[in-house]
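Each chain, written out:
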Amino acid sequence: MQFIKALLVLLFLNLISCGLNAHPMMKRAIIIDTDAAFDDLLAIGYLLNRPELSIKAITISADGEENCEPALKNVMSVLRVLKQTQIPIACGRSTPLRGNHRFPQIWSRSQQLNLHSQSISSRALNPNAVALLKKILKVSKETVDIIALGPVTNLAELIKSPVRNKIHMVYLMGGAVHVPGNVSNKNPNYNNLAEWNLYLDPYAADLLFSSRVPITLVPLDATNQVPFSLRFYQTLKSHAKTVSAKFFYQLIHQNEQEIKTHAWYFWDVLTAAIATDPNIGTSKIEYLRVLIKPEETSGRIIVDQQRGVPIHVYGKIHRQLFYHHILQYLFS
Ligand code: AGV
Ligand code: CA
């Protein structure tokens, strides 16, 4: 009798724990929207290496740092190295929804990266990112997080569709809230308050912000705290032992010059890390809005208690914890 009682108690406890933990093996669904620059590739590598995530698709914002074809090739190189070529990828349109802001062509690093050995089918070059995003959201049983690492052109088109209700959170690298922007770095007299990702398609950024889709913003205020320091670069070198760590080290090494001039940050990698570990920094709600016009302030974020929308904004970052994550998920 005693034995049966104990068995029943055990059975009961087991049922409760299953109920609390309905799908212990369920992975968190993620979509990455990226302009496939060099730190985007590190961010993608980081996310692919996090075991608790399931990356459902990678879409290219082709009006950012890279055009569609080199961007696809860059992303495919990462998928090959990490043996995850089954993940669907698609290009978005190559122009902003409105306006004519563009990246300086010399910043396109894909030629330097020399990753272009693979061939791309002409079908992959069709700008069907928005269709892929809609499909993934439609078939997904649970809500999906989107990690946005470039201009938000694709997302602004996506949120016109009712499937936007399946978006749980957009983690966005972009903007400068209480610090100067980076668009003016090459020309200090020009729009010194905007950040590149929002500047390239300010109209799309405004649509996304005003849509009320939940946004967690990782602006320059946060990313300025995680530079590619020379010291950390040396640490990465000594950790580059596996095939994939060597690949990522090589990517970084190709940009040694920028790292030495202190112009580089782990912009997108920090955003990916925050999406997976919110305790890497602290955030608070701010009421924000994106300016589209006039040109001198186009793409700039302003705090506006009346007309702004509530957004989770990251401020202070625990730099050591973040660097530790890079070593653990990109270099081991
Ligand atoms: O503004 C930061 C965004 C991030 O998504 N990008 C780089 C990251 O991928 C644009 C950018 C700012 N400064 C740059 C950038 C620079 N000096 N070189 C290339 N891209
Ligand atoms: Ca980027």
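Residues numbered from 1 in each chain as written. Chains lettered and ligands numbered in written order. Predicted model: local features only at pLDDT ≥ 70, side-chain atom pairs only at ≥ 80, totals over all residues. Heavy atoms only, no water.

Participant: Please provide a residue-by-residue account of the coordination of the calcium ion (ligand 2), values included.
Facilitator: Taken together, Asp35 (OD), Asp40 (OD), Asp40 (OD), Leu149 (O) and Asp268 (OD) make up the full set of protein donors to the calcium ion (ligand 2), lying 2.3 to 2.7 Å away. Sequence spacing of the donors to the calcium ion (ligand 2): D-x4-D-x108-L-x118-D. With Asp35 in the loop between strand E1 (28–34) and helix H2 (38–48) and Asp268 in helix H13 (residues 267–276), this residue pair connects regions lying 233 residues apart in the sequence. An identical accessibility class is assigned to Asp35 and Asp268; each is buried. (Donors = N, O, S within 2.8 Å, 3.2 Å for Na, K, Ca; no water. Helix = DSSP H or I, 4+ residues; strand = E, 2+ residues; numbered from the N terminus. Buried < 20%, exposed > 50% of the residue type's maximum accessible area, 1.4 Å probe, protein only.)

Participant: Break down the pairing of strand E7 (residues 281–290) for me, with residues and values.
Facilitator: Both faces of the sheet carry side chains from a regular strand, because those side chains alternate between them. Bridge count between E7 and strand E9 (residues 309–317): seven bridges; the pairing is antiparallel. Bridged to Leu288 within E9 is Val309. Inspection of the sheet shows E7 paired to strand E8 (residues 301–303) by three bridges, in the antiparallel sense. If you follow Val290 over to E8, its bridge partner there is Ile301. (Pairing = 2+ DSSP bridges.)

Participant: Which residues make up the nonpolar core, and what values go with them?
Facilitator: With 68 residues, the main nonpolar core has Leu42, Phe266, Phe322, Ile326 and Phe331 as its most contacted residues. No other element matches H2, which puts eight residues into this core. Ignoring anything within four residues of it in the chain, the contact list for Phe322 reads Val226, Phe266, Val269, Leu270, Ala273 and Ile280. (Core = buried A, V, L, I, M, F, W, Y, C linked by side-chain atoms within 4.5 Å. Contact = heavy atoms within 4.5 Å.)

Participant: Can you break down the state of the cysteines residue by residue, with the values?
Facilitator: Summed over all chains, the structure comprises one disulfide. Covalently, Cys68 is tied to Cys91 through a disulfide, its sulfur atoms 2.0 Å apart. Between Cys68 and Cys91 the sulfur-sulfur dihedral comes to about 100°; the bridge is accordingly right-handed. Here the residue Cys68 occupies a position in helix H3 (residues 68–81), and Cys91 occupies one in strand E3 (residues 89–91), the gap between them amounting to 23 residues. (Disulfide = S-S within 2.5 Å.)

Participant: Tell me about the site of ligand 1, residues and numbers included.
Facilitator: Looking at ligand 1, there are 16 residues lining it, with Asp39, Asp40, Glu65, Glu195 and Asp268 nearest. Between Asp40 and ligand 1, the recorded distance is 2.9 Å, taken from a side-chain N or O atom to an oxygen atom. Contact with the protein chains removes 97% of the 430 Å² of surface that ligand 1 exposes when unbound. Across the shell around ligand 1, the residue classes tally to eight nonpolar, two polar and six charged. (Near = heavy atom within 4 Å. Polar contact = N/O pair within 3.5 Å; in protein donor to acceptor, adjacent residues only side chain to side chain. Areas by Shrake-Rupley, 256 points an atom, 1.4 Å probe, with all protein chains shown as cover. Nonpolar A, V, L, I, M, F, W, Y, C, P; charged D, E, K, R; others polar.)

Participant: I'd like to hear about the packing of aromatic side chains, residue by residue, with values.
Facilitator: With the rule as written, the count across this model stands at 16 aromatic pairs. By the ring-pair criterion, three or more aromatic residues cluster together here, those being Phe38, Phe228, Phe232, Trp264, Tyr265, Phe266, Trp267, Phe322 and Tyr323. Directly above the ring of Tyr329 sits Arg50, whose terminal nitrogen or CZ lies 4.1 Å from the centroid. (Phe/Tyr/Trp six-rings, centres within 6.5 Å; stacked < 30°, edge-to-face > 60°. Lys NZ or Arg CZ within 6 Å of the ring centre and 35° of its normal.)

Participant: Give a description of the environment of Arg319 that names residues and reports values.
Facilitator: Looking at the element boundaries, Arg319 is found in helix H14 (residues 319–330). Take Arg319: its relative accessible area is 38%, and that puts it in the partly exposed class. Between the C-alpha atoms of Arg319 and Val226, which are 93 residues apart in sequence, the distance is 6.4 Å. Excluding anything up to four places from it in sequence, Arg319 contacts Gln225, Val226 and Pro227.

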